[in-house]
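Survey of secondary and tertiary structure
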Amino acid sequence: MHVLGGGSIGFLFAAAIQKAGIDDVTMLLRKHHKPRLVRKPSSWVAQVQVCRPSTSDHKAIQTDVPVEIIGEAKYPIKCTLICTKANDAIPALSSVWDRLDDNAANVIILSNGALAIRDSIQRHFHDDLQNIQIITSTTTHGAYTKEVSINEDTNAGYCIVHAGDGLTYSTDSKFINACQRAGWNCGTL
């Protein structure tokens with residue numbers, strides 16, 4: 001699963017699924033994220049901490065989430081989870097559209113206004129939707145990014161505050177199973 005959207009919800013879901021060891025998760029990020037990433041021999045990694053508002057940083061759940069920089073990787077994407085603002089969904093999806101698997105790809109929309117985004121995707125990519133399944137999802141999990149300072153000597157990574165447990169619903173059972181195995185309350189639409 002590729003997570004498109006470098007905001008708090010995108011990192012929250014990617015970290016939870018990655019930490020539970022359920023599925024291969026990769027964040028799709030733009031180049032401006034590179035100063036916060038760690039370079040491994042053949043890939044990039046985002047060091048993500050997820051904590052609760054009432055806990056100290058030493059109780060944070062930490063995990064490394066693999067990252068691909070948009071425009072640098074070329075192999076096919078079978079499933080992408082869109083976690084952007086509604087008005088950013090089409091430009092974000094356009095940036096990776098040519099990488100979606102021609103045989104069958106799932107695009108899971110986990111953004112505010114998922115139904116409107118689905119309609120916009122269908123209008124915008126109308127001629128190219130043959131083997132692409134557009135899936136709507138919703139979540140009431142709350143999260144925000146805690147600002148951390150970055151300098152040349154340290155990699156600050158990402159600190160996500162899981163501000164509120166919620167529910168996640170989707171028409172994609174594989175996505176729901178991944179969220180359930182991460183310990184979240186979920187259901188199918």
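Residues numbered from 1 in each chain as written. Predicted model: local features only at pLDDT ≥ 70, side-chain atom pairs only at ≥ 80, totals over all residues. Heavy atoms only, no water.

1. A short note on the pattern of salt bridges
Following the criterion strictly, the structure yields five salt bridges and no others. The partner of Glu68 in a salt bridge is Arg99, and the shortest N-O contact between them spans 2.8 Å. In this pair, Glu68 is assigned in strand 5 (residues 61-69) and Arg99 in the loop between helix 2 (89-96) and strand 7 (105-109), connecting sequence segments 31 residues apart. Judged by its relative accessible area of 7%, Glu68 is buried. Close ionic contact of Arg118 with Asp119 constitutes a salt bridge, the shortest N to O distance being 3.3 Å. (Salt bridge = Lys/Arg side-chain N within 4 Å of Asp/Glu carboxyl O. Helix = DSSP H or I, 4+ residues; strand = E, 2+ residues; numbered from the N terminus. Buried < 20%, exposed > 50% of the residue type's maximum accessible area, 1.4 Å probe, protein only.)

2. Section: the packing of aromatic side chains
All chains considered together, the criterion is met by four aromatic pairs. Ring geometry for Phe11 versus Tyr158: centroids 4.2 Å apart, planes at 25°, classification stacked. Placement of the pair is Phe11 in helix 1 (residues 8-19) and Tyr158 in strand 10 (residues 158-164), with a sequence separation of 147 residues. Since its relative accessible area comes to 0%, Phe11 is described here as buried. Residue classification places Tyr158 among the buried residues on the basis of a relative accessible area of 2%. Aromatic ring contacts, followed pair by pair, group Phe13, Phe175 and Trp184 into a single cluster. A cation over a ring is seen here: Arg36 above Tyr158, with NZ or CZ 4.4 Å from the ring centre. It is Arg99 that lies over the ring of Tyr75; its NZ or CZ is 5.3 Å from the centre. (Phe/Tyr/Trp six-rings, centres within 6.5 Å; stacked < 30°, edge-to-face > 60°. Lys NZ or Arg CZ within 6 Å of the ring centre and 35° of its normal.)

3. Looking at the state of the cysteines
Under the defined criterion, the tally for this structure stands at zero disulfides. Of all cysteine sulfurs, the one in Cys83 lies closest to Cys79, which takes part in no disulfide; the gap is 11 Å. With no disulfide partner, Cys159 has as its closest neighbouring cysteine sulfur the one in Cys51, 4.2 Å distant. (Disulfide = S-S within 2.5 Å.)

4. Brief notes about the nonpolar core
Ranked by internal contacts, the top residues of the largest apolar core, which has 35 residues, are Phe11, Met27, Leu37, Val48, Val67, Leu81 and Phe175. Elements with a minimum of two residues in this core: helix 1, strand 2 (26-29), strand 4 (44-51), strand 5, strand 6 (79-82), strand 10 and helix 4 (173-181). A per-element tally of this core places helix 1 first, with seven residues. Setting aside residues no more than four positions away along its own chain, Leu81 makes contact with Met1, His2, Val3, Leu4, Phe13, Ile108, Leu110 and Phe175. (Core = buried A, V, L, I, M, F, W, Y, C linked by side-chain atoms within 4.5 Å. Contact = heavy atoms within 4.5 Å.)

5. Brief notes about the confidence of the model for the protein chain
When pLDDT is averaged across the protein chain, the result is 89; 93% of the residues are at 70 or more. The least confident element of the protein chain, judged by mean pLDDT, is strand 12 (residues 185-188) at 89; the most confident is strand 1 (residues 2-4) at 97. (pLDDT = per-residue confidence, 0-100.)

6. Section: the packing of helix 2 against helix 3 (residues 114-124)
Look at helix 2 against helix 3: their axes get within 10 Å of each other, and the N-to-C directions meet at 50°. In terms of orientation, helix 2 lies oblique with respect to helix 3. Regarding helix 2 and helix 3, the two cross each other, and that crossing is right-handed. Residues Ala89, Ile90, Leu93 and Ser94 of helix 2 lie in contact with helix 3, whose contacting residues are Ile117, Ser120, Ile121 and His124. The class makeup of the residues in the contact of helix 2 with helix 3 is five nonpolar, three polar and no charged. (Axes fitted to C-alpha atoms, helices over the stretch in contact; angles between N-to-C directions. Parallel < 35°, antiparallel > 145°, perpendicular 65-115°, else oblique. Left-handed = near helix turned anticlockwise from the far one by under 90°. Nonpolar A, V, L, I, M, F, W, Y, C, P; charged D, E, K, R; others polar.)

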